[in-house]
Amino acid sequence: MTTEVHRFGIAENRGQFVQQLVQVLLVGFAIGMTRTVVPALAESEFGVARGSFVLLSAFVIAFGVVKGVLNFVAGRLSERIGRKKVLVLGWIVALPIPFLIAFAPNWNWIVAATVLLGINQGLCWSMTQTSKLDLTRPTQRGVTIGLNEFSGYIGVALAGIITSYAATLMGPRQGLLAFGVVVIAAGLILSMVFVRDTLPWARSEARNHLANGNQDKAMSTWDVFALMTWRDRRLAAISQAGLVEKFVDALVWVIYPVFLFDRGLTLPEIGWVVGMYGMVWGGSQLVTGRLSDKVGRRWPNVTGMWICGAGVAMMVMGEGSVWWSLSAAVSGLGMALLYPNLSAAVADIASPTWRGSAIGIYRFWRDLGYAVGALGFGVAANVTGQIEAAFWFVALAMFASGALLFAWGEETHPGISAAKL
């Protein structure tokens, strides 16, 4: 029997690489459809009392907890049953989401829909990233994750803009229903028909890794979790930075639409301001992921934390659509510097035999940041009675986390620093 030879590299696996880019674009569409319309109309459409910032944040808190746990599960599960099955399962779970939103009698239904969205994102987005890393070479990790996150967050940005117009033309519920059904059906069909499982590539790399004299000890789930969380200072620094940077995304999701709607912007105008954050974030990753393959991961990650925090602070320091769009763009640029390169740093350190688990656990801590951040800025805004307190809470957290990443972190790029465990 002939053993299949697995070739590594973006060009060598162009067809499957493109299929995975399409998948993450659709995953971005799925989460992006809740980014503009749902928070802005929480009071008028779904009955959330004005000023109830913690209640408003409840759907993102639920999303963060569920997605964080599912990231953890998805990484380990994919090493047992394969990447494709986990991806398909994620799309099946998403099928009820647009119907729950469209027929929601109250905010509890939105929270329930977001729980399913968290499962979908935890399973699907994790697999698109892991699958691309399976297919590519170590020297291409920065550009690989940059392309993955570019496609996903361009999807998030475009979905926010498209659904804001759809809601204006068709009504909020009908617009979200139509968009959601098309996106989720497309994701499920394409994943079932065209996507290949990339677990054989990961196993082939692991065999090559051992053949080259690298002897990896067996790593249980708990061993990898402990390494990611406290035993390895580099990985702990990356994990805490990942958790805190999600405070920004939670703020953009929950508070930005309410903040801008209260200041008189229409849904399409809000869609463009919030979309500026996602488009700059997504588009810049075409450069920042490749940049880290040349200059290393550490400085893009640290400076990205601080630039992103500065953009958040800018939002409440000026007025007008132009200023708010500029502020959102600054946060997007900072996020583009750190987002693919925190993940790339994890992939640099982790062995191919437990990389899927390491990425899953990093993504567990990172996406738990949705819940921690939303709870934190929700409480800050509730206690002060000022929505601006939410922005300052997140900005200060980003500056502090960036300082910790600077103090504990090291360069991990395999061509720059011998950081392999």
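Residues numbered from 1 in each chain as written. Predicted model: local features only at pLDDT ≥ 70, side-chain atom pairs only at ≥ 80, totals over all residues. Heavy atoms only, no water.

1. Thoughts on the overall build of the chain
So, point 1. Secondary structure summary: the chain contains 17 helices and 0 strands in total.
So, point 2. The dimensions of the chain, computed from C-alpha atoms along their principal axes, are 65 × 45 × 35 Å.
So, point 3. The buried share of the chain, reckoned over its 421 residues, is 62%.
So, point 4. Counting only contacts in the chain whose residues sit at least 6 apart along the sequence, the fraction spanning at least 24 positions is 86%.
So, point 5. Accessible surface computed for the chain: about 15100 Å², of which carbon and sulfur atoms make up 68%.
So, point 6. Distance between charge centres in the chain, computed from 31 positive and 23 negative side chains, equals 7 Å. (Helix = DSSP H or I, 4+ residues; strand = E, 2+ residues; numbered from the N terminus. Buried < 20%, exposed > 50% of the residue type's maximum accessible area, 1.4 Å probe, protein only. Contact = heavy atoms within 4.5 Å. Areas by Shrake-Rupley, 256 points an atom, 1.4 Å probe, with all protein chains shown as cover. Lys, Arg positive; Asp, Glu negative; His and termini not counted. Charge placed at Lys NZ, Arg CZ, Asp CG, Glu CD.)

2. Observations regarding the pattern of salt bridges
So, point 1. For the coordinates displayed, the defined rule picks out 13 salt bridges.
So, point 2. Salt-bridge contacts for glutamate 45 lead to arginine 173; the nearest nitrogen and oxygen are separated by 2.8 Å. In this pair, glutamate 45 is assigned in helix α3 (residues 42-46) and arginine 173 in helix α9 (residues 172-193), connecting sequence segments 128 residues apart.
So, point 3. Taking the relative accessible area as the measure of exposure, arginine 173 reaches 16% and is therefore buried.
So, point 4. Close ionic contact of arginine 297 with aspartate 293 constitutes a salt bridge, the shortest N to O distance being 2.9 Å.
So, point 5. A relative accessible area of 1% places arginine 297 in the buried class.
So, point 6. Overall, aspartate 293 belongs to the buried group, its relative accessible area being 15%.
So, point 7. Connected through shared salt-bridge partners, Arg141, Asp293, Arg297 and Asp348 make up one network. (Salt bridge = Lys/Arg side-chain N within 4 Å of Asp/Glu carboxyl O.)

3. Considering the packing of aromatic side chains
So, point 1. For the coordinates displayed, the defined rule picks out 22 aromatic pairs.
So, point 2. Judged by centre distance (5.7 Å) and plane angle (20°), the ring pair of tryptophan 222 and phenylalanine 225 falls under stacked. Here tryptophan 222 and its partner phenylalanine 225 are both found in helix α11 (residues 221-231), 3 residues apart, which amounts to about one turn of the helix.
So, point 3. Note on phenylalanine 225: relative accessible area 15%, which makes it buried.
So, point 4. Taking 4.9 Å as the distance between ring centres and 65° as the angle between the ring planes, the aromatic pair formed by phenylalanine 364 and tryptophan 365 counts as edge-to-face.
So, point 5. Judged by relative accessible area, phenylalanine 364 falls into the buried class, the value being 14%. (Phe/Tyr/Trp six-rings, centres within 6.5 Å; stacked < 30°, edge-to-face > 60°.)

4. Regarding a nonpolar patch on the surface
So, point 1. A contiguous nonpolar surface patch, about 390 Å² in accessible area, is contributed by Phe99, Phe103, Trp109 and Val181.
So, point 2. Tracing the backbone shows tryptophan 109 in helix α7 (residues 107-135). (Patch = residues over 30% accessible without salt bridge, like charges linked within 9 Å, V, L, I, M, F, W, Y side chains within 5 Å.)

5. Let's talk about the nonpolar core
So, point 1. Core analysis: the biggest nonpolar cluster contains 122 residues, and Trp91, Trp107 and Ile255 have the highest contact counts within it.
So, point 2. Looking at which element gives the most residues to this core, the answer is helix α12 (residues 233-262), with 18 residues.
So, point 3. With residues up to four places along the chain from it excluded, the contact list for tryptophan 91 reads Gln23, Leu26, Val27, Ala30, Asn120, Cys124, Val183, Ile184, Gly187, Leu188 and Ser191. (Core = buried A, V, L, I, M, F, W, Y, C linked by side-chain atoms within 4.5 Å.)

6. A word on α9
In an α-helix, one full turn covers 3.6 residues, which means residues spaced three or four apart are oriented alike.
So, point 1. In this model, α9 (22 residues) spans 32 Å end to end at C-alpha, consistent with the 32 Å of a helix rising 1.5 Å per residue.
So, point 2. Taken residue by residue, α9 has Pro172, Arg173, Gly175, Leu176, Phe179, Gly180, Val183, Ile184, Gly187, Leu188 and Ser191 as its buried positions. Taken end-on, α9 shows its buried residues confined to a sector of 160°, consistent with a single buried face. Along α9, exposed side chains directed more than 90 degrees from the buried face belong to Val182, Ile189 and Val193.
So, point 3. In this structure, the buried side of α9 is in contact with α1 (14-32), α2 (37-40), α3, α5 (83-94), α6 (97-102) and α8 (141-170). (Expected span 1.5 Å × (residues − 1). Arc of directions from axis to C-beta.)

7. Overview of the side chain of serine 331
So, point 1. With respect to the helices, strands and loops of the structure, serine 331 is situated in helix α15 (residues 321-349).
So, point 2. Taking relative accessible area as the criterion, serine 331 reaches 0% and is therefore assigned buried.
So, point 3. Those residues in contact with serine 331, other than ones at most four positions away along the chain, are Tyr256, Tyr277, Cys308, Gly311 and Val312.

8. What to know about the environment of lysine 294
So, point 1. With respect to the helices and strands, lysine 294 occurs in helix α13 (residues 267-295).
So, point 2. For lysine 294, a relative accessible area of 64% translates into the label exposed.

9. Some thoughts on the environment of glycine 415
So, point 1. Relative to the helices and strands, glycine 415 is located in the segment after α17 (388-408).
So, point 2. Here glycine 415 falls in the exposed class, since its relative accessible area comes to 63%.
So, point 3. Spatially, the C-alpha atoms of glycine 415 and asparagine 13 are 23 Å apart, while their sequence positions differ by 402 residues.

10. Observations regarding the packing of α8 against α9
So, point 1. α9 packs onto α8 with a crossing angle of 135° between their chain directions and a minimal axis gap of 7 Å. Relative to α9, α8 is oriented oblique. Relative to α9, the crossing made by α8 is right-handed. Between α8 and α9, the residues in contact are Ala159, Ile162, Thr163, Ala166, Ala167 and Met170 and Pro172, Gln174, Gly175, Leu176, Ala178 and Phe179, respectively.
So, point 2. A breakdown of the residues in the contact of α8 with α9 according to their chemical character gives 9 nonpolar, 3 polar and no charged. (Axes fitted to C-alpha atoms, helices over the stretch in contact; angles between N-to-C directions. Parallel < 35°, antiparallel > 145°, perpendicular 65-115°, else oblique. Left-handed = near helix turned anticlockwise from the far one by under 90°. Nonpolar A, V, L, I, M, F, W, Y, C, P; charged D, E, K, R; others polar.)

11. As for the environment of glutamate 79
So, point 1. As for its placement among the helices and strands, glutamate 79 is situated in helix α4 (residues 53-81).
So, point 2. Residue classification places glutamate 79 among the buried positions, given a relative accessible area of 18%.
So, point 3. A sequence separation of 275 residues divides glutamate 79 from tryptophan 354, and the C-alpha atoms of the two residues are 8.5 Å apart.
So, point 4. Excluding anything up to four places from it in sequence, glutamate 79 contacts Leu199, Arg203, Thr353, Trp354, Arg355, Gly356 and Ser357.

12. Considerations on α8
So, point 1. A rise of 1.5 Å per residue sets the reference length of α8, with its 30 residues, at 44 Å; its end C-alpha atoms lie 42 Å apart and thus fit the reference within 8%.
So, point 2. Across the 30 residues of α8, 22 count as buried, placing the element largely inside the fold.
So, point 3. Looking at the residues trailing α8, positive phi occurs at glycine 171, about 100°.

Note that every value here comes from positions in space, so none of it alone points to a role or purpose.
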